[in-house]
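Notes for the structure review
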Amino acid sequence: MGRIDRLLAAMTLDEKIGQLNMAAGSRVVTGPGARRDVEEGIRSGRIGNLLNVWGGKEVHAVQHLAVEQSRLGIPLLIGLDVMHGHRTIFPVPLAEAGLFDPATWERTARIAAKEAGADGVALTFAPMVDVARDPRWGRMVESPGEDPWVAAEFAAAKIRGFQGRDLQEAASIAVTTKHLCGYGAVSAGREYASVDVSERTLHEVHLPPFATAVSAGTAAIMPAFIDIAGVPMTANAPLLQGWLRGMHAFDGVLISDYNAIAELCNHGVASDTAEAAALALRAGVDVDMASEAYVQGLPEALRRGLVGMAELDASVSRVLTLKERLGLFDDPYRRGAAGHTVSARRTATARQLARETARRAIVLLTHRHGVLPIAPGARHIAVVGPLASARHEMLGPWPSAGRADEAVSIVEGLQKALPNCRIDHLAGAGTAATKRSAISAAVESCRAAELAILCLGEDVSMSGEGGSRADLGLPDGQRTLAEAILELGKPVIVLLTSGRPLTVPWLFERADAVLATWFLGSEAGNAIADVLTGKFNPTGKLPVTWPRAVGQVPLFYGQRPSGRPAKPGERLSSCYLDIPATPQFAFGHGLSYASFTLAELRCTPAVARADESIKVTVAVHNHSAIAGEATLFLFVRDVVASVARPVLELKGARRIALEPGARGTLRWQLPVASLAFVGADLGLVLEPGRFEIHVGHSADPGELISCNLEVSS
Ligand code: GLC
């Protein structure tokens, strides 16, 4: 009999339920409710897992209670939100997605795993792969954006990075891919609100990244807080047991979101804790995060016959199996051991990757009059705005063990990059409230300078969980500051720090350049300076469509055509009376200091069968005097099908670096089978007929070149 069966045979009911209980530590607070004393719970076996604890000493202290002082000595599973870095913080996922580079996505996760493992963490609640198409929703910042193919690629890369080759290693941590599913489609972008999407959208958009995560070996999955059409994901047996554990054979651990099991009573699907616990357990949720619903409700649920011991044992077995896979039984002190601390050399390597990733995540949205790069001989620059000297903000809403005093602010980055330039810095405004006197002083500072750099946007409280916003503009004080400085007629460069697109058309019209700098992490200031001074030619691209106004939301490139596609000036077409139906910036938008032209798009063979692959090639020419890198996207369109298909579907993204005047060719190999779609019966179907192949710098129709493909029956 193996270890797990032996333990199951020896465990009391309370000890079994304890293995399904994850209590909250207090190094960081990520959910509601009081934190209880965990020590007695660990000793008694009532707490088998913890979250929000890190640090070798702290972790070993609680592991000691479990391993040396509890009756069966079962080690704790320690989890933390290591989203985009642990001590070294990388750009937030929405920013990192803009690299369209799975190799880098994997590398940053690998470093985060090493740093977190060295701090005793064995499990991360990441990657978050919710497809997000509504920037009113604060958690768009945590997502890889609007596209399911990108989200799937992101999931696979992060799972490879975090889990490494062997989960037994201290430098590997188990992932919890989250939040299954549809959380990005909350009604009106309001946090935790109901989700009502069609079965088609569920299967075409929101589920695919999780199917990829299962194939990539995700150790755990977290259901979302929300209900889909009235069925809370935490109790959604058809999706969790049917689609996930049945159709996709997921045998890993399901960890509820924070307090979510108890909140089934708030959803109105359970009348008490016992019913809530029974619903979740029957749906296959193994671990109760922070609500104590399992501890308080399962004994009663068993007495009432709402659940059976077999269901309980199955969940306990999955949790113990994960602990075994992590090597926790063999050496519960391996993670966080003194011999596994992160060396200074490794930290330096991590910081260099953080800087490289951050500068590649910056998106040059607009650029006029050649105002960038800043001339090396610049003598006097004014840097103003509430984010100019901010360090904590650069770490984003999920900073794990990141420290503000280790982050580089925008001003600091510029001062280091331009040592001979006078750089005056004034906040001029707060992110929310502002004094007129502060604005006047900032305006005077800009009046005297040859160039103004405006650092505007959101602080971290305006983004992330609980960060839904109904207005996506800049708070009044920031707009007043910006307009006063724009009135000076000086060159103005704007840096937008945010976790989402901001609807500021007036800024795009008037500033000389605007860059989306998101929340770039520990090396933010250096990365921004690298781009502004031309040390790095920007390559970042938008992983989300950027709306002109919040009234357009949800707005994404993969819309279906409608019977009356938008036609400017045509009232009886899919458009608005007051603004264009097109976005401010398309998915994939991002300027370079260089300029590229595309030509000779080829698809071979031009007629292909379902069991074949096609080769798509395109010629790229850098016809500027500066080296640069272009990211190109491969889209397809199924022109006529049994159900209306999106006007564009992303099937690939490739980058090419070219010296001034150089030419190159990009190639894709695409299985025709990948053109299948979710048919009327929700099964995958590939239908013969004409497909359009599009390649371009973004999803903007004006930036695409096209050819045809005939799929033969
Ligand atoms: C939070 C979030 C979830 C996170 C968990 C633990 O409420 O919804 O993404 O992993 O609690 O912090």
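Owing to the predicted nature of the structure, the values given are computational and were not obtained by experimental measurement.

1. What to know about the site of the ligand
- Around the ligand sit 14 residues in total, of which Thr30, Asp81, Lys178, His179 and Asp257 are the nearest.
- With respect to the ligand, the side chain of threonine 30 contributes an N or O atom lying 2.7 Å from an oxygen atom.
- One of the side-chain nitrogen or oxygen atoms of glutamate 465 is found 3.0 Å away from an oxygen atom of the ligand.
- The residue inventory of the shell around the ligand, partitioned by class, reads 7 nonpolar, 2 polar and 5 charged.

2. Some thoughts on helix H20 (residues 524-532)
- Within H20, 9 of the 9 residues are buried, which leaves it mostly tucked inside the rest of the structure.
- The inward-facing, buried residues of H20 abut helix H15 (344-361), helix H16 (410-417), strand E14 (451-457), strand E15 (492-497) and strand E16 (513-516).
- Among the residues trailing H20, glycine 534 stands out with phi positive, at a value near 85°.

3. Focus: the sheet that holds strand E26 (residues 704-711)
- Spatially, the 5 strands line up as an open sheet ordered E18-E26-E25-E20-E21, and their pairing is mixed. The open sheet has two edge strands, strand E18 (607-608) and strand E21 (649-658), and neither has a second partner.
- Judged from the 9 bridges that link them, strand E20 (residues 628-638) and E21 form a sheet pairing that is antiparallel. When the bridges of E21 are listed, leucine 634 appears paired with glycine 652.

4. Considerations on the environment of arginine 548
- Relative to the helices and strands, arginine 548 resides in the loop between H20 and strand E17 (596-604).
- Spatially, the C-alpha atom of arginine 548 lies 5.5 Å from that of threonine 503, the residues being 45 residues apart in sequence.
- Every residue in contact with arginine 548, bar those within four places of it in the chain, is listed here: Thr503, Pro505, Ile579, Pro580, Thr582, Pro583 and Gln584.
- Within the local environment of arginine 548, its side chain forms a polar contact with the backbone oxygen of threonine 582, the two atoms lying 2.7 Å apart.

5. Some details on the sheet that holds strand E6 (residues 220-223)
- Here 8 strands make up an open sheet; going across it, the order is E9-E6-E5-E4-E3-E2-E1-E10 and the pairing parallel. Unpaired on one side and paired on the other, strand E9 (253-254) and strand E10 (288-289) mark the two borders of the sheet.
- In this structure, strand E3 (residues 77-80) lies alongside strand E4 (residues 123-124), joined through 2 bridges in parallel fashion. Following the sheet pairing, leucine 80 is matched in E4 by threonine 124.
- Contacts from helix H9 (residues 208-215) reach strand E5 (174-180) and E6, with the element oriented near 160° to E5.

6. Brief notes about the pattern of salt bridges
- The final tally for this structure, using the stated rule, is 42 salt bridges.
- Measuring nitrogen to oxygen at the nearest pair gives 2.6 Å for the salt bridge that ties arginine 139 to glutamate 142.
- A residue is classified by how much of its surface remains accessible, and glutamate 142, at 1% relative accessible area, is buried.
- Between aspartate 530 and arginine 359 there is a salt bridge, with the nearest N and O atoms lying 2.8 Å from each other. With aspartate 530 in helix H20 and arginine 359 in helix H15, this residue pair connects regions lying 171 residues apart in the sequence. As far as the burial class goes, aspartate 530 and arginine 359 line up, both buried.
- A network of salt bridges, in which partner residues are shared, links Asp101, Arg360, Glu629 and Arg655.

7. Quick word on the domain arrangement of the protein
- In terms of domains, the protein is made up of domain 1 (1-79 + 234-241 + 250-259 + 285-334), domain 2 (361-552) and domain 3 (596-711).
- Computed from C-alpha coordinates alone, the two centres of domain 2 and domain 3 are separated by 35 Å.

8. Considering the pairing of strand E25 (residues 689-696)
- Summarising burial for E25: 7 of the 8 residues are buried, a large majority.
- Here 6 bridges tie E20 to E25, and the two strands are oriented antiparallel to one another. Along E25, the bridge assignment pairs aspartate 638 with phenylalanine 691.

9. As for the side chain of histidine 86
- Relative to the assigned elements, histidine 86 resides in the loop between E3 and helix H5 (93-97).
- Within the structure, the side chain of histidine 86 is placed 2.8 Å from the side chain of serine 400, a separation counted as a polar contact.

10. Details of the packing of aromatic side chains
- The final tally for this structure, using the stated rule, is 14 aromatic pairs.
- When the ring of phenylalanine 100 is compared with that of phenylalanine 587, the centres are 5.9 Å apart and the planes differ by 85°; the resulting orientation is edge-to-face. With a gap of 487 residues between them, phenylalanine 100 in the loop between H5 and helix H6 (102-118) and phenylalanine 587 in the loop between H20 and E17 connect regions that are remote in the sequence.
- Accessibility expressed as a relative area gives 3% for phenylalanine 100, which makes it buried.
- Its relative accessible area of 1% is what places phenylalanine 587 among the buried residues.
- Taken together, a centroid distance of 5.8 Å and an interplanar angle of 55° make the contact between phenylalanine 587 and phenylalanine 633 tilted. With phenylalanine 587 in the loop between H20 and E17 and phenylalanine 633 in strand E20, this residue pair connects regions lying 46 residues apart in the sequence. Across the pair, exposure class does not vary: phenylalanine 587 and phenylalanine 633 are buried alike.

11. Details of the packing of H16 against H20
- Contact geometry for H16 and H20: axes closest at 7 Å, N-to-C directions at 50°. Relative to H20, the element H16 is oriented oblique. Our pair here, H16 against H20, has a crossing hand that is right-handed. Facing H16, whose interface residues are Ile410, Gly413, Leu414, Lys416 and Ala417, H20 presents Gly525, Asn526, Ile528, Ala529 and Leu532.
- Among the residues making up the contact of H16 with H20, the classes are represented as 6 nonpolar, 3 polar and 1 charged.

12. Points about the environment of phenylalanine 90
- Mapped onto the elements of the fold, phenylalanine 90 is located in the loop between E3 and H5.
- Separated by 598 residues in the primary sequence, phenylalanine 90 and proline 688 place their C-alpha atoms 44 Å from one another.

13. Some points on the packing of H15 against H20
- The geometry of H15 relative to H20 is characterised by a closest axis approach of 8 Å and an angle of 50° between their N-to-C directions. The pairing of H15 with H20 is recorded here as oblique in orientation. Judged by the twist between their axes, the crossing of H15 over H20 is right-handed. Across the interface between the two elements, Arg355, Ala358 and Arg359 of H15 pack against Asn526, Ala527, Asp530 and Val531 of H20.
- Class assignment for the residues of the contact of H15 with H20 results in 3 nonpolar, 1 polar and 3 charged.

The rules behind these values
- Residues numbered from 1 in each chain as written.
- Predicted model: local features only at pLDDT ≥ 70, side-chain atom pairs only at ≥ 80, totals over all residues.
- Heavy atoms only, no water.
- Near = heavy atom within 4 Å.
- Polar contact = N/O pair within 3.5 Å; in protein donor to acceptor, adjacent residues only side chain to side chain.
- Nonpolar A, V, L, I, M, F, W, Y, C, P; charged D, E, K, R; others polar.
- Buried < 20%, exposed > 50% of the residue type's maximum accessible area, 1.4 Å probe, protein only.
- Helix = DSSP H or I, 4+ residues; strand = E, 2+ residues; numbered from the N terminus.
- Contact = heavy atoms within 4.5 Å.
- Pairing = 2+ DSSP bridges.
- Axes fitted to C-alpha atoms, helices over the stretch in contact; angles between N-to-C directions.
- Salt bridge = Lys/Arg side-chain N within 4 Å of Asp/Glu carboxyl O.
- Domains from an automatic or database assignment.
- Phe/Tyr/Trp six-rings, centres within 6.5 Å; stacked < 30°, edge-to-face > 60°.
- Parallel < 35°, antiparallel > 145°, perpendicular 65-115°, else oblique.
- Left-handed = near helix turned anticlockwise from the far one by under 90°.

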